[in-house]
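Fold and contact review
Here is how the chains run, residue by residue.
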Amino acid sequence: MDNRQAIGSWLSGPRAAAEELGADFGYRGKGLGLPEEGPGSIAPLGRRFGAVFFDWTLCMLIAYGLFARGDQQAAGNWALGIFLVMSLLTVGTIGCTPGKRLLSLRVVADDGGRLGFVRVAVRTVLLLLVIPALVWDRDGRGLHDRLSRSVQIRM
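Here's a quick rundown of the structure.

Conventions and cut-offs
Residues numbered from 1 in each chain as written. Predicted model: local features only at pLDDT ≥ 70, side-chain atom pairs only at ≥ 80, totals over all residues. Heavy atoms only, no water. Phe/Tyr/Trp six-rings, centres within 6.5 Å; stacked < 30°, edge-to-face > 60°. Helix = DSSP H or I, 4+ residues; strand = E, 2+ residues; numbered from the N terminus. Buried < 20%, exposed > 50% of the residue type's maximum accessible area, 1.4 Å probe, protein only. Salt bridge = Lys/Arg side-chain N within 4 Å of Asp/Glu carboxyl O.

Observations regarding the packing of aromatic side chains
Within this structure, the stated rule accounts for two aromatic pairs. Geometrically, the ring pair formed by phenylalanine 67 and tryptophan 78 is stacked, given 4.5 Å between the ring centres and 15 degrees between the ring planes. Here phenylalanine 67, found in helix α3 (residues 45–68), pairs with tryptophan 78, found in helix α4 (residues 72–93); they are 11 residues apart in sequence, far enough to count as distant. When its relative accessible area of 43% is taken as the criterion, tryptophan 78 is described as partly exposed.

So, the pattern of salt bridges
In total, this model carries three salt bridges according to the counting rule given. Between aspartate 137 and arginine 146 there is a salt bridge, with the nearest N and O atoms lying 2.9 Å from each other. Overall, arginine 146 belongs to the partly exposed group, its relative accessible area being 44%. Members of the salt-bridge network, linked through shared partners, are Asp137, Arg141 and Arg146.

Quick look at the structure:
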């Protein structure tokens, strides 16, 4: 083996090395039976972050305006509770939060159906812990989605 080829595979990472050996990873969502692009495909990461940013901003405004009485620390604490309630109510009923709806995203069960209340609650609590949402699988699903057996898709 040429030294340049060995260095190239080392720099390319384990996925490139596996692909050279014949592994087929496919597109994100292939293993879940989702289309590659368009409605029903895995939601892009940028839109998902945008939706969370919009939802968090909305929760902070509600908390600051209705509950915190000018105390920014209290507003942050109230916003967590408001985010929890908002997610339970909106994802549990219509499948999306206001931010997800604005960016044309939806949360569904990994088999394509609606999420039940317990799965929505597990997903939301793990999302509030932040760290599980930062651990992704090869389909781009966070640990909070994997443990609640859910997936975020485009509408």
